[in-house]
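# Results of the structural survey
Letter by letter, the chains look like this.
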Amino acid sequence: DVKVTQSSRYLVKRTGEKVFLECVQDMDHENMFWYRQDPGLGLRLIYFSYDVKMKEKGDIPEGYSVSREKKERFSLILESASTNQTSMYLCASRNSGQGARLAFFGQGTRLTVV
Amino acid sequence: AQTVTQSQPEMSVQEAETVTLSCTYDTSESDYYLFWYKQPPSRQMILVIRQEAYKQQNATENRFSVNFQKAAKSFSLKISDSQLGDAAMYFCAYGTYAGGTSYGKLTFGQGTILTVHP
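Residues numbered from 1 in each chain as written. Chains lettered and ligands numbered in written order. Predicted model: local features only at pLDDT ≥ 70, side-chain atom pairs only at ≥ 80, totals over all residues. Heavy atoms only, no water.

## A few points about the interface of chain A and chain B
To keep things clear, this is the line we draw: Every residue pair with non-hydrogen atoms within 4.5 Å of one another is taken to be in contact. Whenever Lys or Arg places a side-chain nitrogen within 4 Å of a carboxyl oxygen from Asp or Glu, that contact is recorded as a salt bridge. Any N or O atom pair separated by 3.5 Å or less is treated as a polar contact, with the protein-specific requirement of one donor-capable and one acceptor-capable atom, and with residues adjacent in sequence counted only for side-chain atom pairs. Runs of H or I in DSSP of at least four residues are treated as helices and runs of E of at least two as strands, each being numbered from the N terminus. Residues are grouped as follows: Ala, Val, Leu, Ile, Met, Phe, Trp, Tyr, Cys and Pro are nonpolar; Asp, Glu, Lys and Arg are charged; all remaining types, including Gly, are polar.
At the junction of the two partners, chain A supplies 30 residues and chain B supplies 25 residues. Our count for the chain A to chain B interface comes out at 0 salt bridges. Applying the counting criterion to the chain A and chain B interface returns 8 residue pairs in polar contact (both at pLDDT 80 or more). Looking at which element gives the most residues to the side of chain A that touches chain B, the answer is strand β5 (residues 42-51) of chain A, with 5 residues. Here the residues of the side of chain A that touches chain B sort into 14 nonpolar, 12 polar and 4 charged.

## Side note on the packing of aromatic side chains
Note the following rule: Here the aromatic set is Phe, Tyr and Trp, taking the six-membered ring for Trp, and pairing holds for ring centres within 6.5 Å; pairs whose planes are under 30 degrees apart are stacked, those over 60 apart are edge-to-face, and all others are tilted. Relative accessibility decides the category of a residue: with a 1.4 Å probe and only protein chains considered, values under 20% of the type maximum give buried, values over 50% give exposed, and everything between is partly exposed. Two conditions define a charge sitting above a ring: the NZ of Lys or the CZ of Arg must be within 6 Å of the ring centre, and it must be within 35 degrees of the ring normal.
What the rule picks out here adds up to 16 aromatic pairs over all chains. Aromatic pair A:Phe105 and B:Phe108: ring centres 6.0 Å apart, planes at 75°, arrangement edge-to-face. With A:Phe105 in strand β10 (residues 103-105) and B:Phe108 in strand β11 (residues 106-108), this pair bridges two chains. On the accessibility criterion, B:Phe108 (6% relative accessible area) is buried. A centroid spacing of 6.1 Å and a plane angle of 45° characterise the contact between B:Tyr33 and B:Phe35, whose relative ring orientation is tilted. We classify B:Phe35 as buried; its relative accessible area is 0%. Here B:Arg43 stacks its cationic end above the ring of A:Tyr10, 5.0 Å away from the centre of that ring.

## Side note on the pairing of strand β7 (residues 64-70) of chain A
All names here are of chain A. This is how it is decided: Two strands qualify as a pair provided that DSSP identifies no fewer than 2 bridges between them.
Direction of pairing for β7 relative to strand β8 (residues 73-78): antiparallel, over a ladder of 5 bridges. Counted as the bridge partner of Lys70 is Arg73 from β8. In this antiparallel pair of consecutive strands, β7 and β8, the connection spans 2 residues.

## Comments concerning the pattern of salt bridges
All names here are of chain A. Scanning the model with the defined rule gives 9 salt bridges over all chains in all. The partner of Asp38 in a salt bridge is Arg36, and the shortest N-O contact between them spans 2.8 Å. The burial state of Asp38 is the same as that of Arg36; both residues are buried. As a salt-bridge pair, Lys53 and Glu69 come within 2.4 Å of each other at their nearest N and O atoms. On the criterion of sequence distance, the pair formed by Lys53 in the loop between β5 and β6 (54-57) and Glu69 in strand β7 is long-range, its members being 16 residues apart.

## Some words on the state of the cysteines
Using the following cut-off: Note on disulfides: each one is a pair of cysteine sulfur atoms within 2.5 Å.
Tallied over the entire structure, the rule returns 2 disulfides over all chains. Sulfur-sulfur distance for the disulfide between A:Cys23 and A:Cys91 comes to 1.9 Å. Across the disulfide from A:Cys23 to A:Cys91, rotation about the S-S bond amounts to roughly -75°, and the bridge is consequently left-handed. Of this pair, A:Cys23 sits in strand β3 (residues 19-25) while A:Cys91 sits in strand β9 (residues 87-94), and the two are 68 residues apart along the sequence. For the pair shown, A:Cys23 and A:Cys91 are each scored as buried. Each sulfur in the disulfide pair B:Cys23 and B:Cys92 lies 2.0 Å from the other. Across the S-S bond linking B:Cys23 and B:Cys92, the dihedral sits near -70°, which makes this disulfide left-handed.

Shown next as structure tokens:
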């Protein structure tokens, strides 16, 4: 059974803290994604990675960075957390090539910044 | 850039009835995928159904079917014989082919909350 695992389901952090959200997939997928989910806005792409150490900005990268040192792990970093980063964060992975129809998602991390 | 629009923030249906969720999208590409995902309170995104743009035949999965109108850029989801377990947030998503420079990004709509009344 394929799996994308996010390290925390719930997280509470203080303003100004550095926050790490971790995501691990066991499917040997090349592509990994971080989305943010907010009511009325759907899921918006923050960053994605298509290979180890490679990354691309998504639609809303401001205030975030990412790290991909190993193929199976993709980390989202909030350098200095702010209250407007309170949200649900979803990680996804997907293989490459035209046969790769499906994306697989983690269970989400609900982050609250106080 | 691609955009996906779900114009129905909320929908409701009686158990055993049929409901249709709307989705429109905008793209200049000719080859792509379209998806409907379900997100129950557990937050796990579950793939409901997918459609490849080059296929003219509408996809079906048991009680779920789509009406794919490529020229109109419309992709609606029909749920027949609705069940209480269908209650969830539903997202329409556009997916590029996973090769090339897009790397298989998904663009999501705003979501539609579906309530099923017993």
